[in-house]
Structure formats: C-alpha cells, structure tokens
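As a plain string of letters, each chain reads:
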Amino acid sequence: MRTVIESAFAKLNLTLDIFPRREDGYHPLKTVMQTVSLCDEVKISLESKPGRTLRCTWAEGYDGGELPQGEENLCWKAADAFFARTGKAPEGLSIRIKKRIPMEAGLAGGSSDAAAVLRGLNTLMGEPLDPFTLAEVGAQVGSDVPYCVLGGTALCEGRGEIVTILPPAPKLLITLCKPDFGISTKALYEKIDATEITDRPDNDAMLEALRTADASKIGSLLKNVFEPLAIADHPEIETIKQAMRSCGALGTQMTGSGSAVFGIFNIKEDAEAAARALSGKYKTFLAVSV
Ligand code: C5P
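Residues numbered from 1 in each chain as written. Predicted model: local features only at pLDDT ≥ 70, side-chain atom pairs only at ≥ 80, totals over all residues. Heavy atoms only, no water.

Our next topic: the pattern of salt bridges. What the rule picks out here adds up to 14 salt bridges. Among the salt bridges present, the one from Arg119 reaches Glu6, with a minimum N-O distance of 2.9 Å. Of this pair, Arg119 sits in helix α2 (residues 109–124) while Glu6 sits in strand β1 (residues 2–18), and the two are 113 residues apart along the sequence. An identical accessibility class is assigned to Arg119 and Glu6; each is buried. Across the salt bridge formed by Arg52 and Asp80, the nearest N and O atoms sit 2.8 Å from each other. Here Asp80 lies in helix α1 (residues 74–86) and Arg52 lies in strand β3 (residues 51–58), a separation of 28 residues in the sequence. (Salt bridge = Lys/Arg side-chain N within 4 Å of Asp/Glu carboxyl O. Helix = DSSP H or I, 4+ residues; strand = E, 2+ residues; numbered from the N terminus. Buried < 20%, exposed > 50% of the residue type's maximum accessible area, 1.4 Å probe, protein only.)

Here it is in structure tokens:
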C-alpha cells in the first residue's frame, strides 16, 4: 500500500464579480481568491485489494452535520476524472477525509478535497500530469477545483477555471464565522440574474493592494456582489460583519456564495477577540493566509 496525505485548504474570495449568464448556464466571473490555513486532511492510498472506498468524517471538535460518503463525494468524481485523463487506474483505492472546513460555507471545502485527491493521485502515480493540466482535469469536477489544485493567491476568470497565479498575499490574520444556515449557490446565481448590479469590486485596485502588501487596502477593497443579496435574506450576515468591525477588522465579507463571513485583522488579539465575541452563537475559526 502506498499513501500520501494532502492538506486541502479553505479559500476566501477577496473580490467576486459576476457577469450575465452564458448560454451554457454558467456565469462568467472575475474573482481574487486566497487560500487560508483552515484545512481538511485527505489521505489517499493505492491498495492491492481491488475496489474503491471513500470515508469522510469530522475531525475531533469540528462536527458539522452529515457528510457525503462514497460516490456522492466530489472526491470520487475527481478520481474518475484523473483515471480517465491518464488512462491508468490502480486496482484498489482508498480515500479518507478528515473534515474541518464547514459545508455550505463558500469556503470551497468539497472542491478543495477533490483537488487534494487530484494532487495526491498525481504524486502516487508518478506525476503523469503537470500542475496546470491537473487543474484542467479539475474543471471537469467543479468550477472552483482548478483554483484549489493550484492554491495561493490567484485571479480566477471564465466560470472559475481560468486561473492566473499572483504573487503571495502578505500574511493576513483571518477570523472566520459560519452561521447555522447554508445558502444555495444555485439559488443565489438565479437571484443575481434578476438583479442589476451597481456596486462592483475594483479588481485592479485589489491586485495593486496585494502587490504592495497593503493589508488595510486589501481590507477596504473587499467586495462580493453576492453579499447584498445574501444579506437581504439573512440580515445576520450584516450583524456578524458589524461584530468583526467593532473588534478592529480592516475589512469583512461573506466568502463566495456564503454563508461564512470572514474578517481581516492586523492585530492577533483583535482577531481572537472577534472569534470570542461570535463563538457563543456561531462556529468560529482563526486562520492565516497561506
Ligand atoms: O461548477 P459547479 O458544479 O461548482 O457549479 C455549481 C452551479 O453553480 C452550476 O450548476 C451553476 O448553476 C452555478 N455556477 C454558475 N456560474 C459559475 C459557477 C457556478 O452559474 N461560474
């Protein structure tokens, strides 16, 4: 048996701009993404015993509801896509996922696990694919998977699959807060079709703030066009943002299609105070950009 263990990092959308729906049903987008240290652990093993098993469990202290097992898990689809592309499949495969990233959060937990399976299989099978080809395979699995294969700081376009890697962001201290409710990504995309977006992110300014490692600017330029739509249905998101601001956040935002909200801080004690203030009511996590 040969095994690799991959960290599957959560992502944040520092900006998220969305344009009118394409004929294939997807929306073109332009988003600056950042991986953060909150991560799942994905253990991939090639086995001599034929067959495939996938088990997904919460890490101790991270319980967050029912998890997709077996074929239902995006990791299964990732393995299929990898074997189809390389034309090589092992006799037996075992995937064990230890979850910490909450689900239905906009943190790309499922996509990141799938990306970890692609990276892990590529390592175990002797690196038949370069990272960009591996990201291309990821596009068959989900829109966020190509970015998750590559990680770090990146500008993503197309339906998410056109990934431009940027120089690493400065070290950002992050507090994450996950409210109890989830938000349907599909429903938010449908809602945005019926909305005229007037307040869009300034991606060029964000790229410049990242280039100059200006954390305050990065904080002030956070913008997600989904956020006002989500707040209209769930005003709690605004309450969480206010709590983070009152603890000294440089900026706060819902990530992706939510429902998780993050704050960026430059003082560790402030980030910890925000997590403490919200932890009575919500799941909270401290993280840094990676
Ligand atoms: O690609 P993925 O399976 O992650 O997308 C889930 C759903 O989100 C799609 O079926 C589509 O409705 C919506 N979506 C979209 N535009 C994107 C990404 C996703 O409309 N760029």
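For the rest of this paragraph, the subject is the sheet that holds strand β10 (residues 261–265). Taken in spatial order, the four strands of this open sheet run β9-β10-β7-β11, and their pairing is antiparallel. Edge positions in the sheet fall to β9 (251–254) and β11 (283–288), since each of these pairs with one other strand and no more. Neighbour to neighbour, the strand axes of the sheet diverge by 20° on average, direction disregarded. Two elements, strand β7 (residues 173–178) and β10, share five bridges in a ladder whose sense is antiparallel. Pairing of Leu173 across the sheet is with Phe265, part of β10. (Pairing = 2+ DSSP bridges. Axes fitted to C-alpha atoms, helices over the stretch in contact; angles between N-to-C directions.)

Right, let's talk about helix α3 (residues 131–139) for a bit. Among the residues of α3, Thr133, Leu134, Ala135, Val137, Gly138 and Ala139 are the ones counted as buried. For α3, the elements touching its buried residues are α1, α2 and α4 (145–150). In this structure Asp130 caps α3, since a side-chain oxygen of it lies 2.9 Å from the backbone nitrogen of Phe132. (Contact = heavy atoms within 4.5 Å. Polar contact = N/O pair within 3.5 Å; in protein donor to acceptor, adjacent residues only side chain to side chain.)

On to the packing of aromatic side chains. We describe a pair of aromatic rings using the distance from one ring centre to the other and the angle between the two ring planes. For the coordinates displayed, the defined rule picks out three aromatic pairs. The interplanar angle of 75° and the centroid separation of 6.0 Å between the aromatic rings of Phe82 and Phe83 together place this pair among those described as edge-to-face. On the basis of relative accessibility, which here comes to 0%, the residue Phe82 falls in the buried class. For Phe83, a relative accessible area of 11% puts it in the buried group. Plain terms: the ring middles of Tyr189 and Phe226 are 5.0 Å apart, the flat faces sit at 80° to each other, and that makes the pair edge-to-face. (Phe/Tyr/Trp six-rings, centres within 6.5 Å; stacked < 30°, edge-to-face > 60°.)

Right, let's talk about the pairing of β1 for a bit. The buried fraction of β1 is high, at 12 of 17 residues. Strand direction decides the pairing type here: β1 and strand β2 (residues 29–47), joined by 16 bridges, are antiparallel. Residue pairing for β2: Thr15 is matched across the bridge by Val32. Pairing geometry for β1 and strand β8 (residues 223–224), over two bridges, is parallel. Each bridged residue has a counterpart across the sheet, and for Leu16 the counterpart in β8 is Asn224.

Taken together, the residues surrounding the ligand are Gly25, Tyr26, His27, Leu29, Gly142, Ser143, Arg159, Lys186 and Tyr189. At 2.7 Å, a side-chain N or O of His27 approaches an oxygen atom of the ligand. Note that an oxygen atom of the ligand is positioned 2.5 Å from one of the side-chain N or O atoms of Ser143. Burial of the ligand by the surrounding chains reaches 72%, relative to a free accessible area of 460 Å². Classifying every residue of the shell around the ligand gives three nonpolar, four polar and two charged. (Near = heavy atom within 4 Å. Areas by Shrake-Rupley, 256 points an atom, 1.4 Å probe, with all protein chains shown as cover. Nonpolar A, V, L, I, M, F, W, Y, C, P; charged D, E, K, R; others polar.)

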